[in-house]
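# Report on the structure
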Amino acid sequence: MSRIAYVNGQYVPNAEASVNINDRGYVFADGIYEVIAVTKRQLVDPEWHMQRLWRSLAELQIPEPMSDPAMRAVMKQVIRRNRVRNGFIYMQITRGVAQVRDHAFSTEMRPSIVMTARNTKAVVTDEMSDGVKVVSIPDIRWKRCDIKSISLLPNILGKQIAKEAGAYEAWMVDEEGFVTEGTSSNAWIVTKDGELVTRPTDHAILRGITRTSIIALAEKAGLTIIERAFTIEEAKAAKEAFVTSTTSLVKPVTELDGDIIGNGQPGSVTEKLFALYAAYNDDIGKSA
Ligand code: PMP
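Since we're looking at a predicted model, the values are computed, not measured. (Residues numbered from 1 in each chain as written. Predicted model: local features only at pLDDT ≥ 70, side-chain atom pairs only at ≥ 80, totals over all residues. Heavy atoms only, no water.)

Not every one of the 17 residues close to the ligand is listed here, only the nearest: K148, E181, I209, T210 and T246. K148 places a side-chain nitrogen or oxygen 2.5 Å from a nitrogen atom of the ligand. In the model, an oxygen atom of the ligand is placed 2.8 Å from a nitrogen or oxygen of the I209 main chain. Relative to its unbound accessible area of 380 Å², the ligand is 93% covered by the protein chains. Counting only elements with at least two residues in the shell around the ligand, the list comes to β9 (179–182), α5 (209–220) and β13 (240–245). Residue composition of the shell around the ligand, by class: three nonpolar, 11 polar and three charged. (Near = heavy atom within 4 Å. Polar contact = N/O pair within 3.5 Å; in protein donor to acceptor, adjacent residues only side chain to side chain. Areas by Shrake-Rupley, 256 points an atom, 1.4 Å probe, with all protein chains shown as cover. Helix = DSSP H or I, 4+ residues; strand = E, 2+ residues; numbered from the N terminus. Nonpolar A, V, L, I, M, F, W, Y, C, P; charged D, E, K, R; others polar.)

Quick look at the structure:
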């Protein structure tokens, strides 16, 4: 079955889907995106994702390409036409096509919108992944990482450094020596006292939807959550560490810059959070 993309009002086979070379997304990376998990044909946390999408657009003065209900109708169609049971939906909105390459923009432009979806075996399984390695790198990004912009050069270069080092993720470190986040995930540690620590959502990080879900689940489970920045040294001395994202879920980190975290095995708090998140996803599927 060929996959179907939604491109500016039309559903087309992926192989035939294309955008204009004068699209400012292509020319300037002038746009935003969202990735939403689909579990048993249901979107995971759609309200929070849509909220973040509208906010990203507003921060960049990109007009809304369609209403919220229309957008959701397209999402439903993309899921249906690609027969996605478990997988991900990707949506990207750019400022649109400008015939002249000019840095400044008009706020009257018609945005471009693309949506694709793909199946995976299952987004969440009962089994958490093994512990992964992380390396640290300087955070060379701009000062508005709270916007889910498609300008991801520092992130992709960072992920490549991780890959070449045999690691799963790179944690970016700000000029004061504090970890901001992973190149495509939020960073967490568990202290010796069992407290969960993750950076507050200032402009230096993306407010991950998985992060928001995990905070809610952890609070419900009676865990202590402290939103503060931490250093690589503190993370190395922590009892546990993990990352969260829509695609990584809750993933244990057992090695940081070559040093073992905890006993080198995924920790019990991480395991508990993974189980809570898996159950939370399972419930979404059931309420369908
Ligand atoms: N930070 C960055 C830089 C990311 O790219 C992502 C993944 N989109 C996240 C955090 C995690 O966000 P979410 O939980 O919404 O996938």
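That shown, we press on.
Across the nine residues that make up strand β3 (residues 31–39), a large majority, nine, are buried. Neither face of β3 is left uncovered, since the one carrying G31, Y33, V35, A37 and T39 and the one carrying I32, E34, I36 and V38 both have all their residues buried. Direction of pairing for β3 relative to strand β5 (residues 87–94): antiparallel, over a ladder of eight bridges. Looking across to β5, one finds that E34 is bridged to M91. (Buried < 20%, exposed > 50% of the residue type's maximum accessible area, 1.4 Å probe, protein only. Pairing = 2+ DSSP bridges.)

Before going further, it helps to examine the pattern of salt bridges. The full count for this structure, using the stated rule, is 17 salt bridges. With a shortest N-O distance of 3.6 Å, R199 and D202 are connected by a salt bridge. R199 sits in the buried class, given a relative accessible area of 10%. As a salt-bridge pair, D259 and K236 come within 3.3 Å of each other at their nearest N and O atoms. With D259 in strand β15 (residues 259–260) and K236 in helix α6 (residues 232–237), this pair connects stretches of sequence that are 23 residues apart. Look at K236 and you get partly exposed, because its relative accessible area is 25%. Put simply, R55, E59, R144 and D146 are held in one network by salt bridges that share partners. (Salt bridge = Lys/Arg side-chain N within 4 Å of Asp/Glu carboxyl O.)

Bringing the side chain of E240 into the picture now. Of note, E240 is situated in strand β13. Lacking a salt bridge, the buried E240 has K239 as its closest oppositely charged neighbour, with an N-O distance of 5.5 Å. At 3.1 Å, the side chain of E240 and the backbone nitrogen of S268 are in polar contact. A distance of 3.0 Å separates a polar side-chain atom of E240 from the backbone nitrogen of V269. With near-sequence residues (within four places) excluded, E240 lies in contact with I189, V190, I261, G267, S268, V269 and T270. (Lys, Arg positive; Asp, Glu negative; His and termini not counted. Contact = heavy atoms within 4.5 Å.)

Attention now goes to the packing of aromatic side chains. For the structure on display, the rule yields five aromatic pairs. Look at W171 and F230: their rings are 5.9 Å apart centre to centre, the planes differ by 65 degrees, and that puts the pair in the edge-to-face class. With a gap of 59 residues between them, W171 in strand β8 (residues 169–173) and F230 in the loop between β12 (225–227) and α6 connect regions that are remote in the sequence. Owing to a relative accessible area of 1%, F230 belongs among the buried residues under this scheme. (Phe/Tyr/Trp six-rings, centres within 6.5 Å; stacked < 30°, edge-to-face > 60°.)

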